[in-house]
Amino acid sequence: MGASLQTIEGGPPLNEEDVRSFEKNHGLALPTDYKEFLLATNGGRPERDLFTIEGLEGDSPFRIHFFFGLNDPIASCNLDWNLTVFRERLPTGLLAIATTEGADKICLVVAGARAGTLCYWDGHARASERNLYFLADDFSSFISSLHADELSPRLPEA
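Within every chain, residues take consecutive numbers counted from 1 along the sequence as written. Only residues with pLDDT of 70 or above have their local features reported here, since the model is predicted, and side-chain atom pairs are shown and tallied only from 80 upward, although totals for entire chains, interfaces and linings are computed over all residues. To get the side-chain values, all heavy atoms of the structure are used, and hydrogens and water are removed first.

Draft legend 1. Representation of the overall build of the chain in the model. Strands are runs of DSSP state E lasting at least 2 residues, helices are runs of H or I lasting at least 4, and numbering of each runs from the N terminus. Tallying secondary structure elements over the chain gives four helices and eight strands in all. Walking the chain from its N terminus toward its C terminus, one meets helices and strands in the order β-α-α-β-β-β-α-β-β-β-β-α. Taken against the 2.2 N^0.38 rule, which gives 15 Å for 158 residues, the C-alpha radius of gyration of the chain at 15 Å falls within 12% of a compact globule. Considering only C-alpha atoms, the chain reaches an extent of 45 × 40 × 30 Å along its principal axes. Within the chain, the proportion of its 158 residues that are buried is 47%. In this setup the radius of gyration rests on C-alpha atoms only. A globule is expected at 2.2 Å times the number of residues raised to 0.38. Relative accessibility under 20% of the residue-type maximum defines a buried residue, over 50% an exposed one, and the middle range a partly exposed one, all with a 1.4 Å probe and only protein chains included.

Draft legend 2. View of helix H2 (residues 32-41). The complete set of buried residues in H2 reads Asp-33, Tyr-34, Phe-37, Leu-38 and Thr-41. Down the axis of H2, the buried set is contained in an arc of 140 degrees. They therefore lie on one face. With respect to the buried face of H2, the exposed residues turned more than 90 degrees away are Thr-32 and Ala-40. Should any heavy atoms of two residues lie within 4.5 Å, those residues are considered in contact. Summarising the contacts, the buried residues of H2 are in contact with strand S1 (7-8), strand S4 (62-67), helix H3 (79-85), strand S5 (94-100), strand S6 (105-109) and helix H4 (139-145). At the C-terminal side of H2, Asn-42 shows a positive phi close to 50 degrees. Note: the arc covers the axis-to-C-beta directions of the helix.

Draft legend 3. Looking closely at the nonpolar core. Among the buried residues, those of types Ala, Val, Leu, Ile, Met, Phe, Trp, Tyr and Cys that are joined through side-chain atoms within 4.5 Å form a nonpolar core. By size, the foremost hydrophobic cluster in this structure holds 44 residues, and its most contacted members are Phe-51, Ile-97, Ile-106 and Phe-142. Of all the elements, S5 adds the most residues to this core, at five residues. Not counting residues within four places of it along the chain, the set of residues in contact with Ile-106 comprises Phe-51, Ile-64, Leu-95, Ala-96, Ile-97, Ala-98, Leu-118, Cys-119, Tyr-120, Leu-135 and Phe-142.

Draft legend 4. Layout of the sheet that holds strand S8 (residues 132-136). Paired strands, as defined in this entry, are two strands with at least two bridges between them according to DSSP. Spatially, S3-S4-S5-S6-S7-S8 is the arrangement adopted by the six strands of the open sheet, whose pairing is antiparallel. Only two strands of the sheet have a single partner each, and these edge strands are strand S3 (50-51) and S8.

Draft legend 5. Here's a closer look at the packing of aromatic side chains. What counts as a ring pair is set by centres within 6.5 Å for rings of Phe, Tyr and Trp (its six-membered ring), and what kind of pair is set by the plane angle: stacked under 30 degrees, edge-to-face over 60, tilted for all other angles. On inspection of all chains with the given rule, the structure shows eleven aromatic pairs. Seen in terms of ring centroids, Phe-62 and Tyr-120 are 5.3 Å apart; in terms of plane orientation they differ by 50 degrees. Their pairing is tilted. Residue Phe-62 is found in strand S4, and its partner Tyr-120 is found in strand S7 (residues 118-121); the two are separated by 58 residues along the sequence. Taken individually, Phe-62 and Tyr-120 each receive the classification buried, so the pair is uniform in this respect. The structure contains a cluster of three or more aromatic residues connected by ring pairs, namely Phe-51, Phe-62, Tyr-120, Tyr-133 and Phe-142.

Draft legend 6. Structural view of the state of the cysteines. Any two cysteine sulfur atoms lying within 2.5 Å of each other are counted as a disulfide. By the definition in use, this model includes zero disulfides. Unpaired in terms of disulfides, Cys-119 finds its nearest cysteine sulfur in Cys-107, a separation of 4.9 Å.

Draft legend 7. Representation of the pattern of salt bridges within the structure. The salt bridge criterion pairs a side-chain nitrogen of Lys or Arg with a carboxyl oxygen of Asp or Glu, the two atoms within 4 Å. The full count for this structure, using the stated rule, is nine salt bridges. With a shortest N-O distance of 3.4 Å, Glu-9 and Arg-45 are connected by a salt bridge. You can see Glu-9 sitting in the loop between S1 and helix H1 (16-26) and its partner Arg-45 sitting in strand S2 (residues 45-46), a full 36 residues away along the chain. What makes Arg-45 partly exposed here is its relative accessible area of 25%. In this structure, Arg-20 engages Glu-17 in a salt bridge whose closest nitrogen and oxygen atoms are separated by 3.2 Å. Of this pair, Arg-20 and Glu-17 both sit in helix H1, separated by three residues, roughly a single helical turn. Judged by its relative accessible area of 46%, Glu-17 is partly exposed. Sharing partners across several salt bridges, the network here consists of Asp-49, Arg-63, Glu-101 and Asp-149.

Right under this line is the structure:
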C-alpha cells in the first residue's frame, strides 16, 4: 500500500476470502489499496484521524471516529451493516467506510466513472442542500492526507 495507517479497536483478523465474500455478497469490487487496508487493520480508530474538506464551511478539520470493517462483534462497526442501514439515505454507488464524530460518513465510490474516489457525505444536510464533497482520488491519497493532534487515538507502545 502506498501509505499505511494504523488503527486501534479494529475487528478480528481477516483473510482474502472474507473480503472476496463481502464483495460477492454485495456485488462490489473494492480497490486494491482499500482491500489491503482492511486486511491489515479490519477497521478501527485511526492514529491519524483529522481531515479537511474543500468547499465545506464549519468545524474544520473534521475527525474520523471509526473505520468500518468486517465480522466485528459490534454490528454498527461493520461495512455490511452500514451498507444496509444507509442504503436509502446514501446516493447509489457509495459505500460508507468510516464515520465522523458527528455521524457523517466517509464514502468510497464503488460504481460509475468515479469508482475508487472518496467523498464526504453530510448526513445533516437538508434535502435542498449539497451533501456530498470530494475528498481524494483514491484511498491511499486520502489516508496520506490524514493528520493527528493531541486528541487523536494513541497506539499502544510496543
